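# Observations on the model geometry
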There are 4 protein chains.
Amino acid sequence: MNHTEPSAAAQLLIHCPDRQGLIAAVTDFIARHQGNILDLDQHVDANHGVFFMRVEWELERFRLAREAIAEAFDEECGKPYQMRWRLHFSDEVPRMALFCSRLSHCVYDVLARCQSGEWRVEVPLIVSNHEDLRPVAESFGIPFHLVPVTPDTKVEAEARQLELLREHKVDFVVLARYMQILSPDFISRYPERIINIHHSFLPAFAGARPYHQAHERGVKIIGATSHYVTTELDAGPIIEQDVSRVTHKDAVDDLVRKGRDLEKIVLARAIWKHLGRKVLCYDNRTVVFG
Amino acid sequence: MNHTEPSAAAQLLIHCPDRQGLIAAVTDFIARHQGNILDLDQHVDANHGVFFMRVEWELERFRLAREAIAEAFDEECGKPYQMRWRLHFSDEVPRMALFCSRLSHCVYDVLARCQSGEWRVEVPLIVSNHEDLRPVAESFGIPFHLVPVTPDTKVEAEARQLELLREHKVDFVVLARYMQILSPDFISRYPERIINIHHSFLPAFAGARPYHQAHERGVKIIGATSHYVTTELDAGPIIEQDVSRVTHKDAVDDLVRKGRDLEKIVLARAIWKHLGRKVLCYDNRTVVFG
Amino acid sequence: MNHTEPSAAAQLLIHCPDRQGLIAAVTDFIARHQGNILDLDQHVDANHGVFFMRVEWELERFRLAREAIAEAFDEECGKPYQMRWRLHFSDEVPRMALFCSRLSHCVYDVLARCQSGEWRVEVPLIVSNHEDLRPVAESFGIPFHLVPVTPDTKVEAEARQLELLREHKVDFVVLARYMQILSPDFISRYPERIINIHHSFLPAFAGARPYHQAHERGVKIIGATSHYVTTELDAGPIIEQDVSRVTHKDAVDDLVRKGRDLEKIVLARAIWKHLGRKVLCYDNRTVVFG
Amino acid sequence: MNHTEPSAAAQLLIHCPDRQGLIAAVTDFIARHQGNILDLDQHVDANHGVFFMRVEWELERFRLAREAIAEAFDEECGKPYQMRWRLHFSDEVPRMALFCSRLSHCVYDVLARCQSGEWRVEVPLIVSNHEDLRPVAESFGIPFHLVPVTPDTKVEAEARQLELLREHKVDFVVLARYMQILSPDFISRYPERIINIHHSFLPAFAGARPYHQAHERGVKIIGATSHYVTTELDAGPIIEQDVSRVTHKDAVDDLVRKGRDLEKIVLARAIWKHLGRKVLCYDNRTVVFG
């Protein structure tokens, strides 16, 4: 991964009521200040009359200082068009917390990607309710925090977890087969910033033991689903899904084994999209820009 | 499709309690009578202790007359091992009835396969509750029977349909996007012999308007499922499934369009397996031999 | 397919040397004349420094008359930015000629889509070098022209074919498993307007008998490729590909059977993209807009 | 992975000229000695008249001692039917050497599977021509051997590698993106026991820089292929392949990134099949039992 570092870019994600002239307004804003657009993608949800857009432009030679962009954009486009928007910069490296329990496959996969330089991300900590994966964390040089969770201690455990996230300035959380259900309060602190991997093709087989459910039903294809966590279990906006073919010869153990590969690939693709600031949520669904 | 006609083969499908010596018993039966095995596939469901097998052997030079095989097999293997079994002959051409409503894509696809010689099957009739596809049926030279169905006339309509099936000596029925729900009585006449195509990745989105449900949920993959019809709606044994990737750009109409291609391919694969006598049902699931 | 007819839209496909301000220039052109953008997609090939764009906007309320758009656009954007561009209107129905030989599956599939209203396209004629599919053409009510081709008569045959295409004002040609190689002269008359389906995953197994080649090589996946025809055999810009899993159990006949389904689906997707004016060719590759 | 250890099983792989009675002979051999068949799969290559079979039976209660099986089988079946066969026992844990260069993704993936208990395999050593992955090897506690290779030192380097393989009693070698071409002499020592992962959908894009080749050709799907190494580069028997969709938006770097996920999954599936003694080679192709 020996690329020359690309120069920094601004990344703008927008949604607003659809109307004429939106793309022209935004691209004109960028052009007037001498920005060179690297990528632009837009989408209109015709049923709901909502406009979505992601645009990325080079900061080099852009005539507005980085600090001045947000205010200028809001004046010139945001307010006039009632836009909801987020501005990111490509050289800001996001900070990710990894939550796990006992299963190692997603943890290994995520950490190997971070370590090899495939992803631009910091992982300041791993949080788990079991000791099992401490050696894995340590082999990657990442601080491991054990926070046991029982029905009785759940409130304190989440308080401790939230404290850790604040302390380490965590931007988003990845649940890498973390087997606990987060409380609505916890979730509300990281809206659209907690990514879960569920080991089924949602909405089929939500909840517990999806591979057992899949085997029982006799499906010919299994799946995995990565989604943002919301207060309704396994019902948040879907970021990515993939599937794998199975046959009557596959016992539950085989589904579990084949499913692990799906889980890690689907979770990784979702994180990749999130890291690239390519995901917008709307109406409990996602717009995932190309 | 200019093959030389292969000589006729016997096709035996078996399931029974698992125990030692089952394969040896069956293959020995065939060998003793000088049969040449063309294909053998077996499977053991270890959880339920059930043995499944499909074996196909050449009738040429087999020392038992075709008419004598069933009785001999039952004496020598069936009864001693408490087998449930079915015997077919590869040169018996099954007779299929096609039920449809207004949508043409599966009907065209099925009939084109029949006409081109891809499948060895007779289609003595098409039954529909609407007139729309009569010209399609006629262009393929297949008798078209209009049997309108309303809540009030459903009993008589099914009686008429059953009469048609008997009259035309139909072996199995294909519901090619036939929009009516069959009564338990109708279904009980053709157990494991009515094949439906449902336009979702079951068990997700059973019932009505699955593409609308899929769009509403924001899935990234849609599917189609072919299954044998049982009295519980969209819950029968699954024969075949496949999926197709969609994005936020796909409106419901796009899901419908992409889904049509899935539906016809998945239905065709299920019919192909059924025609080859490769499907065994057990515990509301299928064993689909290779 | 009971949609209310959408109002007509202009569809503009552009490529030009990449530089700052291109999107702003085009969207400003549209906005100034009160056009409402329905869809915009763009791409920059950073290696070659080439910008690609497709934009579609409503003609209703657009202040330029349909006839005046081309000239105005060329003045205001095309010439200043050295753009190569094509302008289409969504209500112009393209005219497609279908070339076939003896195999029926793609022909049935294409014609069923046309007849069901899935595609907005006219099919004024079918051309074949064999009589076999005349009944299929006739059952869909489409004039069938037999143009036999032998090495000796190829020049005259192509002259006759070109005459038919001109006479029927054909916009583009689909080779639906048409088994003849077209001459460079023929191809040059319809650049990027002849769509072929090749029964392999190109560039593997170009040329004759690809399923035999695939079986011989022992691949575990077969494919089909739809591409624009160029003078180099099976080497034109790829529009669409798909694959299907096979095993050692699949004989060449099975590859042929499974491959037919791939061929018709892949060809149909390529035609769909072409009909939507979503394909741009550059450097022997395609940009296929979403 | 807390399974109760299944009792040991014998695994027999056979191929021989096809003739009547082969399955009966083998299953009778097992039944006569009171073996309980766990799995049986067979295949006939009708073109070449070759019979293939894999059968697995429980050793518990089998009346032949483990050491006596080979001779007895050869007497009773092997010689009479001119079989070529291999006998394995499920409780013999194979020993795998991992060869790598600088790329870490396959190495991490393979080692994580070994460590988590997904695979029953010993990895006594990792061999590399570069130092880069020493820390990875060490974090998994596996001895790492640097064997640099240059054109001038290749002969000595291979001699050193072969010595290491012998010393560590290695059964098979996995090339996890090992960037060196092995000599015919080296390959001949481990026939059908060196597994390579090639980063293309073979036979397309054999040789160097397949992602560059794929991008240049403008394919819409990329692939990866795992195969046994033979003396002809990238031309050995294919064990497993898989593919991933790409678009014009994907630059070479994106193909490399997407391809890495394919490579590790495809390699892992091939190793899984090899570990299960499910692969037979014949005529430069594989029979991969289910």
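Now for a quick tour of the structure.

Parameters at a glance
- Residues numbered from 1 in each chain as written.
- Chains lettered and ligands numbered in written order.
- Predicted model: local features only at pLDDT ≥ 70, side-chain atom pairs only at ≥ 80, totals over all residues.
- Heavy atoms only, no water.
- Helix = DSSP H or I, 4+ residues; strand = E, 2+ residues; numbered from the N terminus.
- Buried < 20%, exposed > 50% of the residue type's maximum accessible area, 1.4 Å probe, protein only.
- Polar contact = N/O pair within 3.5 Å; in protein donor to acceptor, adjacent residues only side chain to side chain.
- Contact = heavy atoms within 4.5 Å.
- Pairing = 2+ DSSP bridges.
- Right-handed = clockwise from strand over helix to strand, strands pointing away.
- Buried area = accessible area lost by both parts, 1.4 Å probe.
- Salt bridge = Lys/Arg side-chain N within 4 Å of Asp/Glu carboxyl O.
- Nonpolar A, V, L, I, M, F, W, Y, C, P; charged D, E, K, R; others polar.

This part takes up the side chain of Gln-11 of chain B. Residues and elements named next belong to chain B. One can find Gln-11 in strand β1 (residues 9-17). With a relative accessible area of 5%, Gln-11 lands in the buried category. At 3.1 Å, the side chain of Gln-11 forms a polar contact with the side chain of Arg-277. Setting aside residues up to four positions removed in sequence, Gln-11 forms contacts with Arg-54, Val-55, Glu-56, Arg-86, Leu-87, His-88, Phe-89, Ser-90, Gly-276 and Arg-277.

For the rest of this paragraph, the subject is the pairing of β1 of chain B. Residue and element names in this part refer to chain B. The buried fraction of β1 amounts to eight of the nine residues, a majority that puts the element mostly inside the structure. Across nine bridges, the pairing between β1 and strand β3 (residues 50-58) is antiparallel. Considered in β3, the bridge of Ala-10 is made with Trp-57. Relative to strand β4 (residues 84-89), β1 runs antiparallel, the two sharing six bridges. Opposite Ala-10, over in β4, you have Phe-89 as the bridge partner.

All names here are of chain D. Burial of strand β6 (residues 122-128) is extensive: six of the seven residues sit out of reach of the surface. Relative to β6, strand β5 (residues 95-100) runs parallel, the two being bridged by five bridges. Within β6, the position partnered with Ala-97 by the bridge is Leu-125. In the classification by handedness, the crossover that spans β5, the intervening helix α3 (residues 105-116) and the parallel β6 is right-handed. Each parallel crossover has a hand, and the one from β6 via helix α4 (residues 134-139) to strand β7 (residues 144-146) is right-handed.

With 15 residues of chain D at the contact, the number on the chain B side is 15 residues. Contact between chain D and chain B buries roughly 1,300 Å² in total, counting both sides, with carbon and sulfur atoms accounting for 48%. Three residues stand out in chain D for area buried against chain B, namely Gln-20, Leu-40 and Gln-42 of chain D, and they jointly supply 35% of the buried area on that side. The interface formed by chain D and chain B holds zero salt bridges in total. Taken together, the links from chain D to chain B amount to seven residue pairs in polar contact (both at pLDDT 80 or more). Where the side of chain D that touches chain B is concerned, the elements lending two or more residues are α1 (22-32) and β2 (37-45) of chain D. Class assignment of the residues belonging to the side of chain D that touches chain B gives a composition of five nonpolar, six polar and four charged.

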